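Structural features, examined
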Amino acid sequence: MAWDRGALRVLDQRELPSREVYLRCRTAPEVARAIRDMALRGAPLIGCAGAYGVALAAQGLTRVPRAAWRARLEQACRLLLDSRPTAVNLRYGVDRVRERARILLEEGADARRLAAALKAEADAFTEEDLECCRRMAELGADLLKRGSNVMTHCNAGALATAGLGTAVGVIRRAYQLGRVRHVYPCETRPYLQGSRLTLWELMRDGIPSTLITDNMAAHIMATEHIDAVIVGSDRIAANADVANKIGTYGLAILAKHHGIPFYVVAPSTTVDLRVSSGRSIPIEERSTREVVEVFGRSIAPAGARARHPAFDVTPHELVTAIVTEKGVVRPADGERLRRVLAGPASA
Ligand code: MRU
């Protein structure tokens, strides 16, 4: 995703791995649609897209009477915030640029100044995500011993962030350091982020990897030597419960049973201290068509009932450590989480 001549250029992740197609989002509603329809996805990336969405809304104010600016920006923010409910990074991105707009409007800034300043704020937010990925990669790689075999779920890679990725960023760095030997990405039904996106990233980087379907995870843990499970997150509650892609909770239980460390890698913009526990995290229910159809073809009898919760919550007791840009939260509990977040970012 990149800013390009007054629009947001977005790699349409729905087309991967077969085709690299780019979309141009020129307005906040277009950004909101790209987020909702999963053209771009992954918690940190939708945070950055949300920030740029507000900047795009400011760009469109030149032909709007000044008295209506505040309401127009607010309308754009609401639209962006409503595009997907679970990843809290979206709220951080939108709120960050919205707050800058509030200050500038109070100062009486004109439309040109407002648009330039909000674009600069979205750039800064995106740069920070990139830097968070770099720091988390270093901190997370330190947790792995030489030649580790690791399992991951969904896509927590470069496609999901502005930088190297969260969980995949750690894997990338650890591979450079000789600490990762082999990666097992789970396919991640029903949206197939693991096979379509994570494997695509790993193979482009030449990192040895073997795709498994989600229901193979227990067997692979029991029969291969898996040293760690490493995943990203969409929202971490104040007590350190972790919401992530559906299937993560099951992997955490399996990891516990097999005595395998379970690591979560997420920037502080994924932490929501306003929700006390995972029970209060809103879990997106997506269309059941995404479950009963694969690439437009039905895989269940006509009229079949299905469910599609897109995320689940892993209780913090099952998490060995949470890697943030500010440090490693270990043990993963609320008190340690607050303490780590209060500190400066780790070098
Ligand atoms: O529905 P998605 O593809 O947006 O879900 C993404 C995930 O669950 C990722 O694991 C999470 O956002 C962490 S991304 C660095």
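Residues numbered from 1 in each chain as written. Predicted model: local features only at pLDDT ≥ 70, side-chain atom pairs only at ≥ 80, totals over all residues. Heavy atoms only, no water.

**Some remarks on the pairing of strand β8 (residues 242–245)**
The sheet contact formed by strand β7 (residues 235–237) and β8 spans 2 bridges and is antiparallel. Its bridge partner being in β8, Ile236 is matched across the sheet by Val242. Once β7 ends, the chain turns through 4 residues before running back antiparallel as β8, passing Ala240 with a positive phi of about 80°. Summarising the sheet, β8 and strand β13 (residues 311–314) pair through 4 bridges and their orientation is antiparallel. Counterpart to Asn244 in the pairing with β13 is Asp312. (Pairing = 2+ DSSP bridges. Helix = DSSP H or I, 4+ residues; strand = E, 2+ residues; numbered from the N terminus.)

**Comments concerning the pattern of salt bridges**
Evaluated as defined, the whole model comprises 31 salt bridges. Measuring nitrogen to oxygen at the nearest pair gives 2.8 Å for the salt bridge that ties Arg98 to Asp95. On the criterion of helical spacing, the pair formed by Arg98 and Asp95 is a turn pair, its members being 3 residues apart in helix α4 (residues 89–106). The exposure class of Arg98 is partly exposed, given its relative accessible area of 23%. Overall, Asp95 belongs to the partly exposed group, its relative accessible area being 25%. In this structure, Arg286 and Glu290 form a salt bridge, with 2.9 Å as the shortest nitrogen-oxygen distance. Here Glu290 falls in the buried class, since its relative accessible area comes to 19%. In the salt-bridge network here, residues are joined through shared partners; they are Arg84, Glu284, Arg286 and Glu290. (Salt bridge = Lys/Arg side-chain N within 4 Å of Asp/Glu carboxyl O. Buried < 20%, exposed > 50% of the residue type's maximum accessible area, 1.4 Å probe, protein only.)

**A short note on the packing of aromatic side chains**
Under the defined criterion, the tally for this structure stands at 1 aromatic pair. Over the aromatic face of Tyr22 sits the side chain of Arg9, whose NZ or CZ is 3.9 Å from the ring centroid. Here Lys245 stacks its cationic end above the ring of Phe311, 4.2 Å away from the centre of that ring. (Phe/Tyr/Trp six-rings, centres within 6.5 Å; stacked < 30°, edge-to-face > 60°. Lys NZ or Arg CZ within 6 Å of the ring centre and 35° of its normal.)

As far as function goes, none of this settles anything; it's purely spatial.
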